[in-house]
Amino acid sequence: LPFPEASFDVVFAESVTLFLDRAKICQIFGVVLLGVLIVRLMLHPEPRDHLPLGWGVLTMIISGIISGMSGMGGPPIVLWLTAHKWSNDKIRVTLWTMFSLLSFSNLSWQLYRFGSTTRHAVWVAVLLAPVMLLGRVPGAWVARRMSPDALRFAASVVLVIVAAYSILQPAILRWLHR
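Notes on the structure in this doc start here. All of these numbers come straight from a predicted model, not from anything done at the bench.

Remarks on the overall build of the protein chain
Then step 1. What the protein chain contains, in helices and strands, is seven helices and zero strands.
Then step 2. When the elements of the protein chain are put in sequence order from the N terminus, they spell out α-α-α-α-α-α-α.
Then step 3. Sorting the 178 residues of the protein chain into buried and exposed places 31% on the buried side.
Then step 4. Sequence-distant contacts, at least 24 apart, represent 74% of the contacts inside the protein chain between residues at least 6 apart.
Then step 5. Put simply, the protein chain shows about 12,100 Å² of open surface, and 73% of that area lies on carbon and sulfur atoms.

Describing unusual backbone geometry
Then step 1. Within the chain, H44 stands out as a residue other than glycine whose phi angle is a positive 45°.
Then step 2. With respect to the helices and strands, H44 occurs in the loop between α2 (22–43) and α3 (53–70).
Then step 3. Looking at H44, the relative accessible area reads 56%, which means it is exposed.

Brief notes about the environment of S63
Then step 1. Note on placement: S63 falls in helix α3.
Then step 2. The spacing of S63 and V78 is 15 residues in sequence and 10.0 Å in space, taken between C-alpha atoms.
Then step 3. Discounting chain neighbours no more than four positions away, the residues touching S63 are G73, P76 and I77.

Remarks on the packing of aromatic side chains
The relation between two aromatic rings is expressed through the spacing of the ring centres and the mutual angle of the planes.
Then step 1. One pass over the full model with this rule turns up two aromatic pairs.
Then step 2. Between the aromatic rings of W109 and Y112, the centroid separation amounts to 5.4 Å while the plane-to-plane angle is 40°, which identifies the pairing as tilted. Of this pair, W109 and Y112 both sit in helix α5 (residues 88–114), three residues apart, which is roughly one turn of the helix.
Then step 3. In this structure, K90 is placed above the aromatic ring of W86, and the distance from its NZ or CZ to the ring centre is 4.5 Å.

Regarding the pattern of salt bridges
Opposite charge on two side chains allows them to pair when their charged atoms are near.
Then step 1. The final tally for this structure, using the stated rule, is two salt bridges.
Then step 2. The salt bridge involving R92 is made with D89; its shortest N-O contact spans 3.1 Å. On the criterion of helical spacing, the pair formed by R92 and D89 is a turn pair, its members being three residues apart in helix α5.
Then step 3. Given the relative accessible area of 26%, R92 is considered partly exposed.
Then step 4. Between D149 and R152 there is a salt bridge whose closest N-O contact spans 3.2 Å. In this pair, D149 and R152 are both assigned in helix α7 (residues 148–176), three residues apart and thus about one turn of the helix distant.
Then step 5. A residue is classified by how much of its surface remains accessible, and R152, at 10% relative accessible area, is buried.

Analysis parameters
- Counting restarts for each chain: residues are numbered from 1 in the order of the written sequence.
- Restriction of local features to residues with pLDDT of at least 70 applies here, the model being predicted, together with a cutoff of 80 or more for giving and counting side-chain atom pairs; totals for whole chains, interfaces and linings are based on all residues.
- Only hydrogens and water are set aside; all other atoms, that is, all heavy atoms of the structure, feed into the side-chain values.
- For the purposes of this entry, the term helix denotes a DSSP run of H or I that reaches at least four residues, the term strand denotes a run of E that reaches at least two, and both are numbered from the N terminus.
- Type-normalised accessible area, obtained with a 1.4 Å probe on protein chains alone, sets the label of each residue: buried when under 20%, exposed when over 50%, and partly exposed for intermediate values.
- Contact between two residues is taken to exist if any of their heavy atoms lie within 4.5 Å; hydrogens are not considered.
- Each accessible area value is a Shrake-Rupley result obtained with a 1.4 Å probe; residue values ignore everything except the protein chains displayed when judging cover.
- We call Phe, Tyr and Trp rings a pair once their centres come within 6.5 Å, taking the six-membered ring for Trp, and we label the pair stacked below 30 degrees between planes, edge-to-face above 60, and tilted otherwise.
- Charge-over-ring contacts are defined here by two conditions on Lys NZ or Arg CZ: a distance within 6 Å of the ring centre and an angle within 35 degrees of the ring normal.
- Salt bridges are defined as contacts in which a side-chain nitrogen from Lys or Arg sits within 4 Å of a carboxyl oxygen from Asp or Glu.

Rendered as structure tokens:
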């Protein structure tokens, strides 16, 4: 493979997608994510200043595998970030830095693997980027005024919505296209 840093994630993810379609994979990850959120709610672990390196490595491997199979690699990283006792700015900057650093590798792999589909997606993203940037203004305004605990709670609510949508997506899409 031309991108050795992603080879394990990619090979594993693509081999699983031979047996399950994307919708089923998303549903499985939705159920797992919801389960993790419920366990976290029940145990209510306190955020820590530092987590062992192994948790970060495991999180990134899981994120890569999930991303390769379903495009849903963000939730494990968000869970890992919100487990830290960091400021809102540090959580947000770390999240965007991780995604930004992976953008070139991800885009290169997608161009190699999917060709014209990726080129079309890039043009759609370029056209919609100004709208997303407009949304960042109120989002940053709200995030600056939230406490770190409130931001962690908001992130958990978003993750519950992501999990619920992932689980219900086939039914929602059938309903929308009837």
